[in-house]
Amino acid sequence: MSVTTTTDVVVSDAVPAASRARFRFLRGGKTRTGLLILAFFVILAVAGPWLAPYDPDAMSDQLLQPPSSEHWFGTTQTGQDVLSQILVGTRGVLLVGFLAGILATVLSVLIGVSAGFLGGAADEILSMLSNIFLVIPGLPLIIIIASFVEDTGDMLIASVIALTSWAWGARVLRAQTLSLRRRDYVEAARATGESTWRIILFEVMPNLTAVIASGFVGTVIFAVLSEITLAFIGVADISHWNWGTVLFWAQSNQALAQGAWWWFVPAGLCIALLGTALSLINFGIDEFVNPRLRTATGSSRKVRMRVGFTPVARTSAPEGTAPGFTPVARTAEPAAPGPSAAPESPGTPGTPESPSKEHSA
């Protein structure tokens, strides 16, 4: 009797070199797609005013015309070119989004990491400050400020959004820092006499990079949607073009009732594409950080084996064996019964008769 164990182990190529490991985040399909779409809008934001075929404020006699070779996205009720408005308005949307994201991320890192690492009275004060700003609503505050300020520009809107959206990220970073400040490598750096801020910058912050990046992307999404919402309801300065301003004028002039779908559909698609791009980047960051969500950004070593068998390393087949031969592990054959073995029971087929039967015969 023998016991065999078969395996089916598939091991891919070796792990990439350390110099390529830093680019593992870019190997995910979601991340690449999101970055490509975002790069497209960044190019439009930078070169939009030069790419616009017409002045977005210029009126013409081609009133409410559908898309054509002359006006790719059609015209408005006053003959303005919709494509030019979309191209020029891209800069304001991205400017508010990224400026608010940078300011909010800086504040959340400074307050959240400092509160989590320092502890004590500093933690109590900074946590209380985060709790206060956590309950301040952003949009109502901007509406109140806009009622007192004549020119509600992009800088003011971005600043208010940043001041009202950093608290949540600070709370997350504080919790992560509390779990890192007593790690062995942090204690070793503290024992060697490293300063507090050097430990924070070079020991703690690198382990919070993914959390910070995810918070930045989330803040940018919130800021973009807030800017478009404020322009759509007429709170922001409607003389400055952005996608929300296009939707504001389309809604004010009853574009939907007149069947002028080209007036509001392009702006809506741009908002959806930009939100999709930022969400894909955020999903890519989550997959890169969380091993349970890892797909294409995970390890390159894949092992496939049959259920119920113990995997062993495949060795080379001996000479003269057929292709596909797999060495197997065999257990020792059972030993033959010796003289000291117990005799088998009488009457068993194939065994001699007992001595008592022979004498009786």
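Shown above is the structure to which this text applies.
**Topic: the overall build of the chain**
Phase 1 of the analysis: Scanning the chain for helices and strands turns up 13 helices and 0 strands.
Phase 2 of the analysis: Secondary structure of the chain in N-to-C order comes out as α-α-α-α-α-α-α-α-α-α-α-α-α.
Phase 3 of the analysis: Residues counted as buried form 33% of the 361 residues belonging to the chain.
Phase 4 of the analysis: Across the chain, the fraction of contacts at a sequence separation of at least 24, relative to all contacts at a separation of at least 6, is 71%.
Phase 5 of the analysis: Working note: accessible area of the chain is about 21,600 Å², and carbon and sulfur atoms make up 64% of it.

**Notes on the nonpolar core**
Phase 1 of the analysis: Ranked by internal contacts, the top residues of the largest apolar core, which has 33 residues, are Phe-41, Ile-86, Trp-243, Trp-263, Leu-274 and Leu-278.
Phase 2 of the analysis: Looking at this core, the element that brings in the most residues is helix H12 (residues 265–289), giving 8 residues.
Phase 3 of the analysis: Apart from residues no more than four positions distant in its own chain, Leu-274 is found in contact with Leu-38, Phe-41, Val-93, Leu-94, Val-224 and Trp-243.
Phase 4 of the analysis: Counting 19 residues, the second-largest nonpolar core is a separate cluster that includes Ile-111, Ala-167, Ala-223 and Ala-231.

**Side note on helix H7 (residues 167–180)**
Phase 1 of the analysis: Its 14 residues give H7 an end-to-end C-alpha distance of 20 Å, which sits within 8% of 20 Å, the value for a rise of 1.5 Å per residue.
Phase 2 of the analysis: Residues of H7 that are buried include every one of Ala-167, Ala-170, Leu-173, Thr-177 and Leu-180, and no others. Projection of H7 onto a plane perpendicular to its axis shows the buried side chains occupying an angular sector of 130°, all on one side.
Phase 3 of the analysis: Elements that come into contact with the buried residues of H7 comprise helix H3 (82–118), helix H4 (120–134), helix H8 (184–191), helix H9 (196–204) and helix H10 (209–232).

What counts and how
Residues numbered from 1 in each chain as written. Predicted model: local features only at pLDDT ≥ 70, side-chain atom pairs only at ≥ 80, totals over all residues. Heavy atoms only, no water. Helix = DSSP H or I, 4+ residues; strand = E, 2+ residues; numbered from the N terminus. Buried < 20%, exposed > 50% of the residue type's maximum accessible area, 1.4 Å probe, protein only. Contact = heavy atoms within 4.5 Å. Areas by Shrake-Rupley, 256 points an atom, 1.4 Å probe, with all protein chains shown as cover. Core = buried A, V, L, I, M, F, W, Y, C linked by side-chain atoms within 4.5 Å. Expected span 1.5 Å × (residues − 1). Arc of directions from axis to C-beta.

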